[in-house]
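If you want the building blocks of each chain, they are given just below.
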Amino acid sequence: MVRIARERVGALFVLAEAEGRPGGDLAQGHRYVRLARRIGTRYTVRIAPAYRERYCRSCSSLWVEGRTVRTRLRRGCRVRSCLVCGRIRRTPLQTGPAPGSIPRGLEVPSTAVVPAEEATEELAESEEPEEE
Ligand SMILES: [Zn+2]
């Protein structure tokens, strides 16, 4: 049961993210987040850290930058304000991957984003030393 619940929570967050893109239905996105959180509570499944940064912990609304959340960097903290209920969430800034970044395998396929590995490969090829 826990395995099924975990799959459903993941699937619901993928659906929610899809609704968060331009043209998506934000109300439906909020609903997916609420359902995922309820399943997580019922079967004691933790929400993946990558997804924990994508919604408001107070009102469960899906966070879409500029539409339902405002992010500001202030005094070494990332301050995110929910534009639906006004809750403020502060995350200390640190080196390494951002707390909200999605680990490999969990990301939603997107053609607009060039994977970091490919981008660095292209850079490395263009910087080959010339023969003398
Ligand atoms: Zn909120």
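The preceding data block contains the structure.
Residues numbered from 1 in each chain as written. Predicted model: local features only at pLDDT ≥ 70, side-chain atom pairs only at ≥ 80, totals over all residues. Heavy atoms only, no water.

Enquirer: I'd like a rundown of the packing of helix α1 (residues 2-20) against helix α2 (residues 26-42), residues and numbers included.
Expert: Packing of α1 against α2 brings their axes to within 8 Å, and their N-to-C directions diverge by 165°. Classified by the angle between their axes, α1 and α2 sit roughly antiparallel to one another. Every pair of crossing elements has a handedness; the one defined by α1 and α2 is left-handed. Listed contacts from α2 to Ala 5, Arg 8, Val 9, Leu 12, Phe 13, Leu 15, Ala 16, Glu 19 and Gly 20 of α1 are Leu 26, Gln 28, Gly 29, Tyr 32, Val 33, Leu 35, Ala 36, Ile 39 and Gly 40. Of the residues belonging to the contact of α1 with α2, the class tally is 12 nonpolar, 4 polar and 2 charged. (Axes fitted to C-alpha atoms, helices over the stretch in contact; angles between N-to-C directions. Helix = DSSP H or I, 4+ residues; strand = E, 2+ residues; numbered from the N terminus. Parallel < 35°, antiparallel > 145°, perpendicular 65-115°, else oblique. Left-handed = near helix turned anticlockwise from the far one by under 90°. Contact = heavy atoms within 4.5 Å. Nonpolar A, V, L, I, M, F, W, Y, C, P; charged D, E, K, R; others polar.)

Enquirer: Describe the coordination of the zinc ion, with residues and values.
Expert: Only Cys 56 (SG), Cys 59 (SG), Cys 82 (SG) and Cys 85 (SG) from the protein reach the zinc ion as donors, at distances of 2.2 to 2.3 Å. Of note is the zinc ion, whose 4 donor atoms meet at the metal with angles of 106 to 113° in an arrangement that counts as tetrahedral. Of note, the zinc ion draws all its donor residues from one chain, in the sequence arrangement C-x2-C-x22-C-x2-C. In this pair, Cys 56 sits in the loop between α3 (49-52) and β1 (69-74) while Cys 82 sits in strand β2 (residues 77-82), placing the two residues 26 residues apart along the sequence. When its relative accessible area of 3% is taken as the criterion, Cys 82 is described as buried. (Donors = N, O, S within 2.8 Å, 3.2 Å for Na, K, Ca; no water. Tetrahedral: all angles 85-135°; square planar, octahedral: opposite > 155°, others 65-115°. Buried < 20%, exposed > 50% of the residue type's maximum accessible area, 1.4 Å probe, protein only.)

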